[in-house]
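Here are the chains, one letter per residue:
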Amino acid sequence: MGGLGIWALPFLFGASLWQAYGGRGSAETANSAEETPERLQETYPAVAAEKTITHHGGPCRTTYCGRGRECVVRRLTGHAECVCQEKCHGSFVPVCGSDGHFYENHCEVFRTACAQKRRIYVVHSKDCFFKVDSCTMSEYNKLKSMLLDMQPTGLTTADDTAATTMEQKRSLVDTMFKYLDLNGDGRLSGEELAQISMKEHLEESLLECTMQDLLRYDDYNNDGVLTLQEFYTAFQVVQLSLPEDQRVSITTVTVGLSTVLSCTIQGTLRPPIIWKRNGIVLNFLDLEDINDFGDDGSLYITKVTTIHMGNYSCHAYGYEELSQTHTLQVNVPPVILVYPETQAQEPGVAASLHCYADGIPNPKLTWLKNGLDLQPHASKQLSLLANGSELHIGSVRYEDTGAYTCIAKNEVGVDEDISSLFVEDSARKTLANILWREEGLSVGNMFYIFSDEGITILQPGDCEIRRQIKQSERIVASYEEMCPKGEGVSPQHCVWASAVSVRDRYVYVSQPLHNRLLIIDTQAQKVVQTVETDPVPVKLFYDKSHDQVWVLSWGDTQKTQPTLQVIPQASVGELHHTVRTQFQRVEDFYIPPTNLIITHVRFGFVFLKAESALHKFDLETLHRVKTISLKNYSCVPVSMAYTHLSGYYFIQCRGKNGSSSFQLLLDSVTDAVVGLNQGIGGRPFVSPDGRYVVTTDGQRGKFQVQTVSFQGELQSGTELDAPAPVSDLVFQPSFTQSNQYMVVSSSARGSDLMFSDLSTGTSKALRSLKEPLESHQWPWGGANRVVVSSGLFGQYLVTPSAESMFVLDARQSSLHCEVSDIERGNTVVWVGEV
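Definitions and limits used
Residues numbered from 1 in each chain as written. Predicted model: local features only at pLDDT ≥ 70, side-chain atom pairs only at ≥ 80, totals over all residues. Heavy atoms only, no water. UniProt positions renumbered as here; feature names shortened; annotations may be inferred. Pairing = 2+ DSSP bridges. Helix = DSSP H or I, 4+ residues; strand = E, 2+ residues; numbered from the N terminus. Axes fitted to C-alpha atoms, helices over the stretch in contact; angles between N-to-C directions. Core = buried A, V, L, I, M, F, W, Y, C linked by side-chain atoms within 4.5 Å. Buried < 20%, exposed > 50% of the residue type's maximum accessible area, 1.4 Å probe, protein only. Domains from an automatic or database assignment. Phe/Tyr/Trp six-rings, centres within 6.5 Å; stacked < 30°, edge-to-face > 60°. Lys NZ or Arg CZ within 6 Å of the ring centre and 35° of its normal. Disulfide = S-S within 2.5 Å. Salt bridge = Lys/Arg side-chain N within 4 Å of Asp/Glu carboxyl O.

Per an unreviewed UniProt entry, the chain goes by the name Follistatin-like 4 and belongs to Astyanax mexicanus. Under the Subcellular location (unreviewed entry) heading, UniProt states for the chain: "Secreted".

So, in structure tokens, the structure goes:
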């Protein structure tokens, strides 16, 4: 076999994804029409003339012998005689004979016909090269496999990777090409392929196809020759490359725009590009915002949101070892909120103006007064705190009256809002002063505490009870008692489970033993309506996006018939009613909260009893969208939390056999579980801006803190001290740094409460806040000792003991006051702008 023996690898191609790439038929087919000698002379006149050989001089001068024969003079007789030619001249113009074989030139056709004493004529030269009737695609693939198999053994091993095998194959095909390229011009012609076939005697061993079929199937540009790239294509040699400086690509896009991620992996026969996010293949998913994959392998994302941030990877199908990573950062223009919008103060008192801004990157805050730059450093009584998020005036004067504009600015935008300050003495009260003092303080910025005695409305700054609604007070609409006395029950007291504030206009609170909700008008500070529900309503959630209050009812105290209901148009002043959803056997539900950036939420989730699945439902239509199985992890969901940065859901799980809890990560882009959350178990909580994930470790008295970067990467953080076991926690905005938080947490069994600073990792414990309710005294699920904050700008928090209420000063991380005679006040809601 000569040099051909080193051509091939020890494997056959067989069926694979690239069968479609294995070769393609030419648009041209061989012409099988026979050509007569006369026709041949017209086509190849020079060659035809060459076929008749005569000896000049002697008797042969006048003797014509015909093609394939030559004239010789017999020595004995001296006569001229025609005999078969012994050899032809060495010209190489391959042609096909009618016997199905190809010859180096026309002379060889007729010399063979003479020697075999049969008629062989020349036909179109491609007919026998291509054997149209027998060289099918299947046979052609066999030809190429056989050529690759004709090689020494031992070049590959079972442990070779696809990339290594392909590299060996490429080297092999390179060698084969060089061997066939007789003139070294980098182009394989039909003549060269025919010469090699004859030289190596391959005609009988190449099955139904010939070497010339390489031209037929893989001469893609139909120029009559094969280049090395075409040869690579013929033998399915995949060559991929990715510049080292492009292995990681960072793309930054502003929220709401579209973006294209381009995969720069290039090469011969590059297979289709596969895109992944968190290990999940995107190409075959029906995604709303990732719905187009370009012909060049690009990934298109329309209307980018913060959930799209994170890492994406691309690779050619079957060649995952060569991968490109795309980090998508989503920038968000600032969104600003000031408090208060208006305030009136008397001269000599302190005043603070607060400004909160969220955006990506973190916005920088500046202040103007009446349109002019404010210079706090030039004034002894003006100071900026927490990176400008609070403007503090130590002792206000009349000239401090004005419009104070807070401006938030980052790389992609700017936002601003105005907080007005009026400084006037009490004898000259203006309308703004009256409204702020008399209406604002009396109606808003209050804690509503629901206890055995009824409803206590508490102003926390002065620890002042503004109003108490007793058990026997009548409901406006029905004139029945707020907490009717049950038969055989003495003394009369109220039983509450859950409460929510609805746009600071109403408070909805559940009475599980009366199978109803009460609606309290915060302006009138009266109970104005009852709403009947399924038995034992225990959990309420206000969906601000759709103005709906969701109600989880147990059916009875043993939770035998739990249902999920919803109250539409909850903030509208009309008679309300519940709408029952399709979900039965409901263990719990979860709806992500809104914030300054995420103002609309589309989907919620339902957990069913003892089921390893999440049921995703549409908050507008109330219908189930899909069921997400958790069976592969034997996870029965217990609770959830969500960050809009990268769109992760954190699912607290317990095993079906009641084993200890663990967490799964669910990607909201793909609705796919991407794995365990770094070995963390416990209940997850996420800060309002989505940047901190705090998990309670029930028994160890520790918090596991994780951070989410602006590139959507979940990163391990610190471990903080916590009360053991944790009952409840809340995020309190920091008073020293903007966009930072403290965690305030309570103990389920002890009297301790903990302030933990997420930025510094320091913790401070408050001891002896009295014992909370025993767990069995709070049978309605959730925390038996809640912690409730006073909003984004609030300074105060409250937490109950069994017989009183404690008000905490978050700025000082200390106890502010205790309000006694509030028994079982474990249902609390904040109402107000702060």
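The rest of the description comes next.
**Q** Can you walk me through the sheet that holds strand S33 (residues 563-567) in this structure?
**A** To summarise the sheet geometry, strands pair through backbone hydrogen bonds and adopt either a parallel or an antiparallel arrangement. Pairing is antiparallel across the open sheet formed by 4 strands, whose spatial order is S31-S32-S33-S34. The strands lining the two open edges of the sheet, one partner per strand, are strand S31 (537-543) and strand S34 (579-584). Between one strand axis and the next, the sheet turns by 25 degrees as a mean value, whatever way the strands run. Summarising the sheet, strand S32 (residues 548-553) and S33 pair through 5 bridges and their orientation is antiparallel. Across the sheet, residue Val 551 finds its bridge partner in S33, namely Gln 565.

**Q** Whenever I open this one, the nonpolar core confuses me. Can you help?
**A** A general feature of soluble globular proteins is that nonpolar side chains tend to end up buried together. Within the largest apolar cluster, 78 residues are counted, with the highest numbers of intra-cluster contacts made by Leu 214, Phe 231, Phe 235, Trp 275, Tyr 312 and Leu 614. Broken down by element, the residue count for this core peaks at 6 residues, all from helix H6 (residues 162-180). Both domain 2 (166-237) and domain 3 (247-331) contribute no fewer than three residues apiece to this core. Among the nonpolar cores identified, the runner-up in size contains 22 residues, and Val 495, Val 536, Val 538 and Trp 550 belong to it.

**Q** Teacher, can you tell me more about the sheet that holds strand S3 (residues 95-97) here?
**A** Pairing is antiparallel across the open sheet formed by 3 strands, whose spatial order is S4-S3-S5. Only two strands of the sheet have a single neighbouring strand rather than two, namely strand S4 (102-103) and strand S5 (122-123). When S3 meets S4, the two strands line up antiparallel, connected through 2 bridges. Counterpart to Val 95 in the pairing with S4 is Tyr 103.

**Q** Whenever I open this one, the packing of aromatic side chains confuses me. Can you help?
**A** Two numbers describe a pair of aromatic rings. These are the distance of the centres and the angle of the planes. Applying the stated criterion across every chain, the model contains 13 aromatic pairs. Taken together, a centroid distance of 4.5 Å and an interplanar angle of 35 degrees make the contact between Tyr 642 and Tyr 649 tilted. You'll find Tyr 642 and Tyr 649 in the same group, each marked buried. Grouped by ring-pair contacts, the aromatic residues Phe 177, Phe 231 and Phe 235 constitute a single cluster. Over the ring of Phe 110 we find Arg 67, and its NZ or CZ is 4.6 Å from the ring centre. The aromatic ring of Phe 589 is capped on one face by Lys 539, whose charged end is 4.5 Å from the ring centroid.

**Q** Could you clarify how one ought to interpret the state of the cysteines in this entry?
**A** Note on terminology: disulfide describes a covalent bond linking the sulfur atoms of two cysteines. One pass over the full model with this rule turns up 9 disulfides. Note on cysteine connectivity: Cys 84 is disulfide-linked to Cys 114, with sulfurs 1.8 Å apart. Given an S-S torsion of about -85 degrees, the disulfide between Cys 84 and Cys 114 has left-handed geometry. With a gap of 30 residues between them, Cys 84 in strand S2 (residues 80-84) and Cys 114 in helix H3 (residues 106-116) connect regions that are remote in the sequence. Accessibility expressed as a relative area gives 29% for Cys 84, which makes it partly exposed. At a sulfur-sulfur separation of 2.2 Å, the disulfide partner of Cys 263 is Cys 314. The sign of the S-S torsion, about 85 degrees, decides the handedness of the disulfide formed by Cys 263 and Cys 314: right-handed.

**Q** Teacher, can you tell me more about the pattern of salt bridges here?
**A** Pairs can form between side chains of opposite charge whenever their charged atoms are close. The tally for this structure, following the rule as stated, stands at 24 salt bridges. For Glu 288, the salt bridge is made with Arg 602, and the minimal N-O distance between the two is 2.9 Å. Taken together, the residues span a long stretch of sequence, with Glu 288 in the loop between strand S11 (280-281) and strand S12 (292-293) and Arg 602 in the loop between strand S35 (586-590) and strand S36 (603-608) at a distance of 314 residues. Glu 288 gets classed as exposed once you look at its relative accessible area, which sits at 54%. In this structure, Arg 466 engages Glu 464 in a salt bridge whose closest nitrogen and oxygen atoms are separated by 3.2 Å. Via salt bridges that share partners, Asp 358, Asp 689 and Arg 691 belong to a single interconnected network.

**Q** Looking at this structure, I do not really get unusual backbone geometry. What am I missing?
**A** Working note: non-glycine residues mostly have negative phi, and peptide bonds are mostly trans. In this structure, Pro 361 follows Ile 360 across a cis peptide bond, with omega equal to -5 degrees. Tracing the sequence through the fold places Pro 361 in the loop between strand S17 (351-360) and strand S18 (364-369). For the bond running from Ala 724 to Pro 725, omega is -15 degrees, close enough to zero to count as cis. Tracing the chain through its elements places Pro 725 in the loop between strand S46 (714-721) and strand S47 (726-733).

**Q** How should I be thinking about the environment of Tyr 479 in this particular structure?
**A** Assignment of secondary structure puts Tyr 479 in the loop between strand S26 (464-470) and strand S27 (499-502). It is 10.0 Å that separates the C-alpha atoms of Tyr 479 and Val 527, two residues lying 48 residues apart in sequence.

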